[in-house]
Amino acid sequence: MDRSGPPLLSVEDLITEFHTADGVVHAVDGVSYELWPGETLAVVGESGSGKSVTAMSILGLVQQPPGRIVGGRVMFEGRDLLRLSRREMRAVRGRSIAMIFQDPMTSLNPVLTVGFQITEAILAHDTDRGKAEERAIALLSTVGVPNAKERFSQYPHQYSGGMRQRALIAMAIANGPRLLIADEPTTALDVTIQAQVFETLKLAQQETQAAMILITHDLGLVAEMADRVAVMYAGRVVETAGVRELFHAPRHPYTVGLMRSLPRLDNRSGHLMPIPGSPPSLIQPPPGCPFHPRCASYAGRSRCHTERPALRQVEPNHASACHFAEDLARKVPT
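Residues numbered from 1 in each chain as written. Predicted model: local features only at pLDDT ≥ 70, side-chain atom pairs only at ≥ 80, totals over all residues. Heavy atoms only, no water.

Participant: Help me understand the sheet that holds strand β5 (residues 79–80) in this model?
Facilitator: Hydrogen bonds between backbone atoms are what pair the strands of a sheet, whose relative direction is either parallel or antiparallel. What the four strands build is an open sheet, ordered β2-β1-β4-β5; its pairing is antiparallel. What marks the edges here is a single partner per strand, and that holds for β2 (23–35) and β5. In terms of strand pairing, strand β1 (residues 9–20) meets strand β4 (residues 67–76) through eight bridges, oriented antiparallel. Paired with Ser10 across the strands is Met75, a residue of β4. Sitting on the sheet, helix α1 (residues 51–58) touches β1, β2 and β4, and the angle it makes with β1 is about 110°. (Pairing = 2+ DSSP bridges. Helix = DSSP H or I, 4+ residues; strand = E, 2+ residues; numbered from the N terminus. Contact = heavy atoms within 4.5 Å. Axes fitted to C-alpha atoms, helices over the stretch in contact; angles between N-to-C directions.)

Participant: Please explain the environment of Arg260 as it appears in this structure.
Facilitator: Looking at the secondary structure, you find Arg260 in helix α10 (residues 253–260). Assessed through its relative accessible area of 47%, Arg260 is described here as partly exposed. Residues Arg260 and Met273 lie 13 residues apart in sequence; the distance between their C-alpha atoms is 6.0 Å. (Buried < 20%, exposed > 50% of the residue type's maximum accessible area, 1.4 Å probe, protein only.)

Participant: Sorry if this is basic, but what is going on with a negative patch on the surface here?
Facilitator: A surface patch of like charges, here negative, comprises Asp126, Asp128, Glu133 and Glu134. With respect to the helices and strands, the residue Asp128 is situated in the loop between α3 (114–123) and α4 (129–142). (Patch = residues over 30% accessible without salt bridge, like charges linked within 9 Å, V, L, I, M, F, W, Y side chains within 5 Å. Areas by Shrake-Rupley, 256 points an atom, 1.4 Å probe, with all protein chains shown as cover. Salt bridge = Lys/Arg side-chain N within 4 Å of Asp/Glu carboxyl O. Lys, Arg positive; Asp, Glu negative; His and termini not counted. Charge placed at Lys NZ, Arg CZ, Asp CG, Glu CD.)

Participant: Whenever I open this one, the state of the cysteines confuses me. Can you help?
Facilitator: In protein chemistry, a disulfide is the covalent bond that joins the sulfur atoms of two cysteines. For the structure on display, the rule yields zero disulfides. Considering cysteine sulfurs only, Cys304 is the nearest to Cys289, which forms no disulfide, with 6.1 Å between them. (Disulfide = S-S within 2.5 Å.)

Participant: For this particular structure, what's the right way to read the nonpolar core?
Facilitator: One broad rule of soluble globular proteins: the nonpolar side chains tend to lie buried together. Ranked by internal contacts, the top residues of the largest apolar core, which has 36 residues, are Ile118, Leu140 and Leu201. Of all the secondary structure elements, the ones that give two or more residues to this core are β6 (97–100), α3, α4, α6 (161–172), β7 (179–183), α7 (191–208), β8 (211–215) and α8 (219–225). Considering each element in turn, this core owes the most residues, six residues, to α6. Aside from chain neighbours lying at most four places away, what touches Leu201 is Ile100, Ile169, Ala182, Pro185, Met212 and Met225. Counting residues in hydrophobic clusters, the runner-up holds 32 residues, among them Val222, Ala226, Leu258 and Leu328. (Core = buried A, V, L, I, M, F, W, Y, C linked by side-chain atoms within 4.5 Å.)

Participant: So what exactly am I meant to see when it comes to the sheet that holds β8 here?
Facilitator: The sheet built from eight strands is open, its strands ordered β6-β7-β8-β3-β9-β10-β12-β11 with mixed pairing. Taken across any chain shown, the strands that pair with only one partner, and hence form the sheet edges, are β6 and β11 (312–315). The sheet shows a mean angle of 25° between the axes of neighbouring strands, taken without regard to direction. Pairing geometry for β7 and β8, over five bridges, is parallel. Bridging across to β8, Ile181 finds its partner in Ile213. Of the strands in this sheet, β3 (40–44), β6, β7, β8 and β9 (228–233) are in contact with α1, which crosses β8 at around 145°. Lying over the sheet, α10 contacts β9 and β10 (236–242), oriented at roughly 105° with respect to β9.

Participant: Would you mind going over the packing of α6 against α7 with me for this structure?
Facilitator: Packed helix pairs are characterised by how far apart their axes lie and by the angle those axes make with each other. Put simply, α6 and α7 touch, their axes get as near as 10 Å, and they point 15° apart. With respect to their mutual orientation, α6 and α7 come out roughly parallel. Judged by the twist between their axes, the crossing of α6 over α7 is right-handed. Every residue of α7 that contacts α6 at Gly162, Gln165, Arg166 and Ile169 is listed here: Ile193, Gln196, Val197, Thr200, Leu201 and Ala204. (Parallel < 35°, antiparallel > 145°, perpendicular 65-115°, else oblique. Left-handed = near helix turned anticlockwise from the far one by under 90°.)

Participant: I'm lost on empty space enclosed by the protein in this one. Help?
Facilitator: Gaps left between atoms are located by rolling a probe of water-molecule size over the structure's atoms. Per the counting criterion, the structure on display carries one cavity of 30 Å³ or more. In this structure, the largest cavity spans a volume of roughly 70 Å³. Lining the largest cavity, in full, are His252, Pro253, Cys289, Phe291, His292, Cys295, Tyr298, Cys304, Ala321, Cys322 and His323. Grouping the amino acids of the lining of the largest cavity by side-chain chemistry returns eight nonpolar, three polar and no charged. (1 Å grid on protein atoms, 1.4 Å probe; cavity = no way out; pocket = protein on both sides within 12 Å on 5 of 7 lines; lining within 4 Å. Points joined across faces, edges and corners; volume = space filled by probe spheres on them. Nonpolar A, V, L, I, M, F, W, Y, C, P; charged D, E, K, R; others polar.)

This is the structure we're talking about:
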C-alpha cells in the first residue's frame, strides 16, 4: 500500500437521495472517505446504512428516478466521476473500476454462457474476440474454476454457487482495474465456500494490484482482509480507523455495540449483546446524533439530541463522529 502520493479515490460529502411516495430517503448523507493504491477498505454497518448505495453512487449506477446524487464529489485518479458524461463513465466501469455484486445466483445472465459473458466484458474495452476468449479461459483458471476450457462454454446453472462467484470475480478483474468494489461477495454461500471465495479475492487483488472496497457484515472477514475500516450508520460514516485500532480501541458507541454483539469464546453467559432498538428512518432521521436513541453510553446527554457530531480526527488516522469520543477512549479497554 502506497500512501506517499494522493489517494486513488476520495469520496467527499457524497449525498444520494431517493424520492418515494412517503418522502425523501436520505440514503447517503454526507459520506466521506479515502482509499490509497493497493489498500483494502472495509465498509461495515447494518443493512440499510448506505454501504451499497455509496458504492453504486461511485460508479454512477443509481437508478434515476427515483434515485439522485445531489451533492459531493468522487475524485478518482484526479477526475470527478460525478461530472463525467455517460459515455466517459462507461469507459471507467470495468476498465478502471470494477464491481463484484452480492448475489452470484442472479448476477449472471442465465441464457448466455459464462465464457461469453466474460468475453463481452473484455470486448467492451478491446476488439479482438479471439484474444478475449483466450483471456477469459485464462481468467477462469486463475480464479480456480476447474477445467476452465470446458467450463467456458457452460451456462450459469451448470456452475455451483461458489463457481458463479469465482466467474464474477474473473469478470471483474478481466481488464486489470485499479479499484475493485466487492459488495457482500459471499451472500448465499456456505462457510466453506465463503473462505474459498475470499482466498480467490485475495489472489485477484494480487493479480491486478488493485485497491479494494469490501462491503460486508462479517467483522471476522474485516479483521482478516482489510487495512482500514469505515463504519456506516444511517447513511453516514461514523468512524474510520486502521483495522487493528478499530478492533482494539473503537471510538464510537455504535462500533462498540457491533463489537459486543459478536459471539465470543470468553462469554460465559452464552448470551449475545445486541444493540437495542432499530435503525432510524432515513426519511425522518432523528435530530442530533442519529445513533442517540440506541446509544447505551450517552443517551442522556442533551448535546447528542440536538447537535449533529462531525466526523473528526480523535487520534492519528482515527476519526469518530461522536461528541464524546475521548470519553469513550477511557471507558473501552485497549
